[in-house]
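Listed here are the chains, written in short residue letters.
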Amino acid sequence: QGVGYVNELLARLTNTPVRDKTTHNASLEFPLGRALYADFTHENLMVPVFAALGLFDVSEPLDPHALPDYLETPRGRKHHKHREDEMRQKWVASRLMPFSARMVTERLACVRDGAAGEYVRVFVNDELQPLEFCGAGQDGICALEDFVESQGYARRSGDGDFERCYD
């Protein structure tokens, strides 16, 4: 879930064949060398793609047995007393996929710091993503090579996580 798409994205960005052991159908020709790609899917697939890419990384694990403080009330009903805590949270599904979602990945060829190179930046619902995991600066742009290197989880076919669901 999500890993297959990330590996296809990496193939497109690097113009190399898909290397994936999850869901890629190698019997079909995979298009490479195009100026523009457009993929369409249901919004529920976007969560696994965001997770596989490492977007919206949550630094501390969520407790599946407790609600965040801003959702707790004596009667267990949601209130907005601590709305500022909720707004600081990176992962809020209703803001990411209220009914639909859009992710744009751009491969840029430009000169930065006096050197020509290829770079990547990602937008989710028109919001530039920081891409800290690949060394992006304030502009959200990281070197293509660093972006590909940062995607080890997908390149390792998700470390077998998908298969564990069926053990």
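All values reported here derive from a predicted model rather than from experimental measurement.

Conventions used here
Residues numbered from 1 in each chain as written. Predicted model: local features only at pLDDT ≥ 70, side-chain atom pairs only at ≥ 80, totals over all residues. Heavy atoms only, no water. Helix = DSSP H or I, 4+ residues; strand = E, 2+ residues; numbered from the N terminus. Buried < 20%, exposed > 50% of the residue type's maximum accessible area, 1.4 Å probe, protein only. Contact = heavy atoms within 4.5 Å. Disulfide = S-S within 2.5 Å. Pairing = 2+ DSSP bridges. Salt bridge = Lys/Arg side-chain N within 4 Å of Asp/Glu carboxyl O.

1. A few points about the overall build of the chain
Move 1: The helix and strand tally for the chain stands at 7 helices and 4 strands.
Move 2: Helices and strands in the chain line up, N terminus first, as α-α-α-α-β-β-β-β-α-α-α.
Move 3: Buried positions account for 29% of the 167 residues belonging to the chain.

2. A few points about the environment of proline 130
Move 1: Turning to its location among the elements, proline 130 is positioned in the loop between strand S3 (127–128) and strand S4 (142–143).
Move 2: For the pair proline 130 and isoleucine 141, spaced 11 residues apart in the sequence, the C-alpha separation amounts to 7.9 Å.
Move 3: Look past the residues within four positions of proline 130 in its chain and what remains in contact with it is Ala136, Gly137 and Gly140.

3. Let's talk about the environment of proline 31
Move 1: The residue proline 31 is located in the loop between helix H1 (3–14) and helix H2 (46–53) in this model.
Move 2: Residue proline 31 is classed as partly exposed on the basis of its relative accessible area, which comes to 24%.
Move 3: A sequence separation of 13 residues divides proline 31 from valine 18, and the C-alpha atoms of the two residues are 9.9 Å apart.

4. Focus: the state of the cysteines
Move 1: With the rule as written, the count across this model stands at 1 disulfide.
Move 2: Across the disulfide, cysteine 134 is cross-linked to cysteine 142 (sulfur-sulfur distance 2.2 Å). Residues cysteine 134 and cysteine 142 share a disulfide whose torsion about the S-S bond is about -80 degrees; that sign makes it left-handed.

5. Focus on the pairing of strand S1 (residues 103–112)
Move 1: By the bridge criterion, 10 bridges tie S1 to strand S2 (residues 115–124) in an arrangement that is antiparallel. Across the sheet, the residue bridging to cysteine 110 is glycine 117, located in S2.
Move 2: As consecutive antiparallel partners, S1 and S2 are separated by 2 residues, and within that stretch aspartate 113 has a phi angle of approximately 50 degrees, a positive value.

6. Comments concerning unusual backbone geometry
Move 1: Backbone geometry at leucine 131 places phi at a positive 50 degrees, although glycine is not the residue there.
Move 2: Mapped onto the elements, leucine 131 comes out in the loop between S3 and S4.
Move 3: Even without glycine at this site, serine 157 takes up a positive phi of about 55 degrees.
Move 4: In this structure, serine 157 sits in the loop between helix H6 (152–155) and helix H7 (161–164).

7. Some remarks on the pattern of salt bridges
Should the charged atoms of two oppositely charged side chains come close, the side chains can pair.
Move 1: Tallying each qualifying case throughout the model produces 5 salt bridges.
Move 2: Ionic pairing is found between glutamate 106 and arginine 121, a salt bridge with its closest N-O pair at 2.4 Å. Here glutamate 106 is found in strand S1, whereas its partner arginine 121 is found in strand S2, with 15 residues between them in sequence.
Move 3: A salt bridge links aspartate 159 to arginine 156, with the shortest nitrogen-to-oxygen separation between them at 2.7 Å.

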